[in-house]
Amino acid sequence: GALLSAQGLRKTYGSTPALDGADFSIRAGEVVAVMGPSGSGKSTLLHCLAGIVPPDAGTVHYRDREVSAMSDSARSALRRTEFGFVFQFGQLVPELTCLENAALPLRLAGAGRKKAEATAREWLDRLEVDDVRHHRPGQLSGGQGQRVAIARALAGRPRVLFADEPTGALDSLNGERAMQLLTRAARDTDAAVVLVTHETRVAAYSDREVVVRDGRVKDHGSGV
Ligand code: ADP
Ligand code: ADP
């Protein structure tokens, strides 16, 4: 069955309908690419699924829980414990080292410093950025920074990883490597990945592609 699903999502900003009856569903271990033209509603769909933005109408379910009916604090707890996030620009904390950045979600979840940093190191290693663990984000290349952000997102062992144009700021070689490492790590941990991208070569790493157009989702079945 579905791990995360949405039915009939509607969201309007002012007079602009961003989502106009969007349906979506993803299973554990599945990588789904959400494609579509700019302004079609991809990011809004991701934000509704992740409990960041409440929809005006429609429902979001995570396992047997209705995310769309939860309080702000319950949604925020759900994001912290079950979800991970990677955005276009990694959004690392500039004052912290890469190791401290990668350990942050575990520290926030209550893990002790040693344990959190040991786990974070494993993930930095898997993303091939363990060598820069003592650097601050400002000292990294774009590709390194994004891989640290992916390591940080996965170190918390999320059941769903939300990635919004995760390679959008990278050249194609770095983007492909980051996608290879991201999808391999997600498969190893049976995490679902909601991957928003407008790039076909990035979507090629998914199991299935859906296309958002005018706030509605078209499911094209099995991808590559
Ligand atoms: P995409 O990710 O496909 O580019 P978005 O979900 O970002 O699409 O946007 C869908 C529509 O909603 C666009 O017309 C966009 O301008 C509008 N929109 C999205 N977020 C906001 C916001 N926070 N405030 C106002 N309008 C928004
Ligand atoms: P866009 O996709 O429209 O370019 P961003 O990716 O920068 O926008 O962020 C979209 C929203 O997600 C923002 O409202 C931001 O507060 C929220 N956000 C960003 N990072 C996280 C995170 N790690 N956890 C939860 N929410 C986040």
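Residues numbered from 1 in each chain as written. Chains lettered and ligands numbered in written order. Predicted model: local features only at pLDDT ≥ 70, side-chain atom pairs only at ≥ 80, totals over all residues. Heavy atoms only, no water.

Right, let's get into the sheet that holds strand 5 (residues 65–66). One open sheet holds the 4 strands; their spatial order is 2-1-4-5, and the pairing between them is antiparallel. Two strands bound the open sheet, and with one partner strand each, they are strand 2 (16–26) and strand 5. Sheet topology note: the strand 1 (residues 4–13)/strand 2 ladder contains 8 bridges and is antiparallel. Considered in strand 2, the bridge of Ser5 is made with Ser25. (Pairing = 2+ DSSP bridges. Helix = DSSP H or I, 4+ residues; strand = E, 2+ residues; numbered from the N terminus.)

In the vicinity of ligand 1, the contacting residues are Tyr13, Thr16, Ala18, Pro37, Ser38, Gly39, Ser40, Gly41, Lys42, Ser43 and Thr44. Note that an oxygen atom of ligand 1 is positioned 3.1 Å from one of the backbone N or O atoms of Ser40. A distance of 2.6 Å is found between an oxygen atom of ligand 1 and a side-chain nitrogen or oxygen belonging to Thr44. Summarising the interface, the protein chains cover 58% of the accessible area of ligand 1, which totals 560 Å² for the free molecule. (Near = heavy atom within 4 Å. Polar contact = N/O pair within 3.5 Å; in protein donor to acceptor, adjacent residues only side chain to side chain. Areas by Shrake-Rupley, 256 points an atom, 1.4 Å probe, with all protein chains shown as cover.)

With that settled, the discussion passes to the pattern of salt bridges. Any two side chains of opposite charge can pair, given that their charged atoms come close. Tallied over the full model, the rule gives 14 salt bridges. The shortest N-O distance in the salt bridge between Asp130 and Arg121 comes to 2.9 Å. For Asp130, a relative accessible area of 13% corresponds to the buried category. The class for Arg121 is partly exposed, based on a relative accessible area of 35%. Here Arg126 ties to Asp188 by a salt bridge, and the two come within 2.7 Å at their closest N and O atoms. Here Asp188 lies in helix 6 (residues 172–188) and Arg126 lies in helix 4 (residues 113–126), a separation of 62 residues in the sequence. On the basis of relative accessibility, which here comes to 52%, the residue Asp188 falls in the exposed class. Salt bridges sharing common partners tie together Arg27, Glu30, Arg208 and Asp219. (Salt bridge = Lys/Arg side-chain N within 4 Å of Asp/Glu carboxyl O. Buried < 20%, exposed > 50% of the residue type's maximum accessible area, 1.4 Å probe, protein only.)

Here we take up the side chain of Glu199. Residue position: Glu199 is located in the loop between strand 8 (192–196) and helix 7 (200–203). In contact with Glu199, not counting residues within four places along its chain, are Met35, Glu165, Thr167 and Gly168. (Contact = heavy atoms within 4.5 Å.)

In this section: the packing of aromatic side chains. A complete count under the given rule lists 4 aromatic pairs for this structure. With a centroid separation of 5.3 Å and an interplanar angle of 90°, the aromatic rings of Tyr62 and Phe83 are classed as edge-to-face. A residue pair is termed long-range when its members are at least 10 positions apart, and Tyr62 in strand 4 (residues 57–62) and Phe83 in strand 6 (residues 83–86) qualify at 21 residues. Of the residues examined, Tyr62 reaches a relative accessible area of 1% and is grouped as buried. The class of Phe83 is buried, set by a relative accessible area of 6%. (Phe/Tyr/Trp six-rings, centres within 6.5 Å; stacked < 30°, edge-to-face > 60°.)

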